[in-house]
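The primary structure of each chain is shown beneath.
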Amino acid sequence: MVQSDNRTVISYLRNQGGTRSIVLLEATREVLKLADSLDVTLHAFYLPDRYNIIADCLSCGNGLPDWHLKGNVVKKIFKKWGTLQVEFFATSQSKFVPAYASIEAIIFSRGWHYNLTQGFPLSPLIPRVLRYLNKSSGTFLVVVPRWEAVIWRNDLKRRALGAPSQIRNLKVSDRSVCQSPIFTSGRSARRLAE
């Protein structure tokens, strides 16, 4: 499967070429030749910018975004559920507890067995986080955007023990990179979702 936020690229791959760009036609031919030599069938899908964060950051030469909630929102979470034992997908600049992990390889390298954990993964990592919860124990608060048409939404709803805990009146100043309303969700005793 090929996903791109460039509609022209998707069109060229789906149509096995095009007539408007010789350069793109040649690039498409090379991709299709490689796929054929590897006996791979390509399926091209358009992926809107807001779901394509990792590729966008890497193609522009930027580091990955550090999605995190601001202190006033985290205080509300701590008040409701208690202090986190560990925080996933945090950095030394964005962490709110001493124990945190920011590198994907570390986060997914060992089991998650904590009393209370929170994570604010980049949207492309959410399905992997949900799969990883299957072999974990404890209470997990997973902060995710409230997007309607995403592949992981039904899985999140199925795992829920209750209604989502939406952070109301969330202003742009209350979050770092995320531009959508969010809700928290996790697995186990306090798992919440829509």
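Quick caveat: nothing in here was measured; it's all calculated off a predicted structure.

S.K.: Help me understand a nonpolar patch on the surface in this model?
M.R.: Taken together, the side chains of Leu 34, Leu 38 and Val 40 present a nonpolar region at the surface, about 290 Å² in accessible area. You can see Leu 38 is positioned in the loop between helix H2 (22-37) and strand E2 (44-46).

S.K.: Looking at this structure, I do not really get the side chain of Ser 136. What am I missing?
M.R.: Relative to the helices and strands, Ser 136 is located in the loop between helix H6 (126-132) and strand E6 (137-145). A polar atom in the side chain of Ser 136 sits 2.9 Å from the backbone oxygen of Tyr 132.

S.K.: Which parts of the structure should I look at to understand the packing of aromatic side chains?
M.R.: A ring pair, where both rings are aromatic, is described by two values, the distance of the centres and the angle of the planes. Counting across every chain of the model gives seven aromatic pairs. Grouped by ring-pair contacts, the aromatic residues Phe 88, Phe 89, Phe 108, Trp 112, Tyr 114, Tyr 132 and Phe 140 constitute a single cluster. Between Arg 7 and the ring centre of Tyr 46, over which it is positioned, the NZ or CZ distance is 3.8 Å. Note that Arg 128 overlies the ring of Phe 108, its terminal NZ or CZ placed 4.0 Å from the centroid.

S.K.: Just to check I follow, could you spell out unusual backbone geometry for this structure?
M.R.: For residues besides glycine, phi is generally negative; the peptide bonds are generally trans as well. The backbone phi angle of Asp 39 is positive, close to 55°, even though this residue is not glycine. With respect to the helices and strands, the residue Asp 39 is situated in the loop between H2 and E2. For Asp 39, a relative accessible area of 71% puts it in the exposed group. Not every positive phi belongs to a glycine, and Phe 89 is a case in point at roughly 60°.

S.K.: Mind showing me how you'd approach the pairing of strand E5 (residues 113-119) here?
M.R.: Strand residues, when the strand is regular, have side chains that alternate between the two faces of the sheet. Judged from the three bridges that link them, strand E3 (residues 86-88) and E5 form a sheet pairing that is parallel. Residue pairing across strands places Phe 88 opposite Gly 119, the latter belonging to E5. The pairing of E5 with E6 spans six bridges and is classified as parallel. By the bridge assignment, Thr 117 is partnered in E6 with Phe 140. A crossover links E5 with its parallel partner E6, the connecting element being H6, and its sense is right-handed.

S.K.: Can you walk me through helix H4 (residues 71-81) in this structure?
M.R.: The periodicity of an α-helix, 3.6 residues per turn, causes residues three or four places apart in sequence to face the same way. Of all the positions in H4, only Val 73, Val 74, Ile 77, Phe 78 and Trp 81 are classed as buried. Buried residues in H4, looked at end-on, bunch into an arc of 140°, giving them a common side. In H4, the exposed positions that point more than 90 degrees away from the buried face belong to Lys 75, Lys 76, Lys 79 and Lys 80. After H4 finishes, the residue Gly 82 shows a positive phi value of roughly 105°.

S.K.: Can you walk me through the pattern of salt bridges in this structure?
M.R.: For side chains bearing opposite charge, pairing can occur when the charged atoms are close. Under the counting rule described, the total for this entry stands at four salt bridges. Taking the shortest distance from any N to any O, the salt bridge between Glu 26 and Arg 29 comes out at 3.4 Å. With Glu 26 and Arg 29 both in helix H2 and three residues apart, this pair spans about one turn of that helix. Using a relative accessible area of 37% as the deciding quantity, one classes Glu 26 as partly exposed. One salt bridge in this structure joins Arg 158 and Asp 155, with 2.4 Å as the shortest N-O distance. Linking Arg 158 with Asp 155, this pair stays in helix H7 (residues 153-159), spanning three residues, or about one helical turn. Several salt bridges share partner residues, and in doing so they unite Glu 26, Arg 29, Glu 30 and Lys 33 into one network.

The rules behind each value
- Throughout, a residue's number is its position along its own chain's written sequence, starting from 1.
- Owing to the predicted nature of the model, reporting of local features is limited to residues with pLDDT of at least 70; listing and counting of side-chain atom pairs is limited to 80 or more, with chain, interface and lining totals taken over all residues.
- No hydrogens and no water enter the side-chain calculation; it runs on all heavy atoms of the structure.
- Grouping into patches uses exposed residues only, defined as over 30% relative accessible area, and leaves out salt-bridged ones; the cut-off is 9 Å for like charges and 5 Å for nonpolar side chains (Val, Leu, Ile, Met, Phe, Trp, Tyr).
- The Shrake-Rupley method, run with a 1.4 Å probe, gives the accessible areas here. Residue values count only the displayed protein chains as cover.
- Here, a salt bridge means any side-chain nitrogen of Lys or Arg that lies within 4 Å of a carboxyl oxygen of Asp or Glu.
- In this description a helix means any DSSP run of H or I spanning at least four residues, a strand means any run of E spanning at least two, and both kinds are numbered starting from the N terminus.
- By the criterion applied in these results, polar contacts are pairs of N or O atoms within 3.5 Å in which, for protein atoms, one can donate a hydrogen and the other can accept it, and in which residues neighboring in sequence qualify only through two side-chain atoms.
- Stacked, tilted and edge-to-face pairs are distinguished by plane angle, under 30 degrees for stacked and over 60 for edge-to-face with tilted covering the rest, among Phe, Tyr and Trp rings (Trp via its six-membered ring) whose centres lie within 6.5 Å.
- A ring is scored as having a charge over it whenever the NZ atom of a lysine or the CZ atom of an arginine sits within 6 Å of its centre and within 35 degrees of its normal.
- Relative accessible area decides the class of each residue, using a 1.4 Å probe on protein chains only: under 20% of the type maximum gives buried, over 50% gives exposed, and in between gives partly exposed.
- By this definition, two strands are paired if DSSP reports at least two bridges between them.
- For the handedness criterion, the strands are oriented away from the viewer, and a crossover whose path from the first strand over the helix to the second runs clockwise is classed as right-handed.
- Here the arc refers to the set of directions running from the helix axis out to each C-beta atom.

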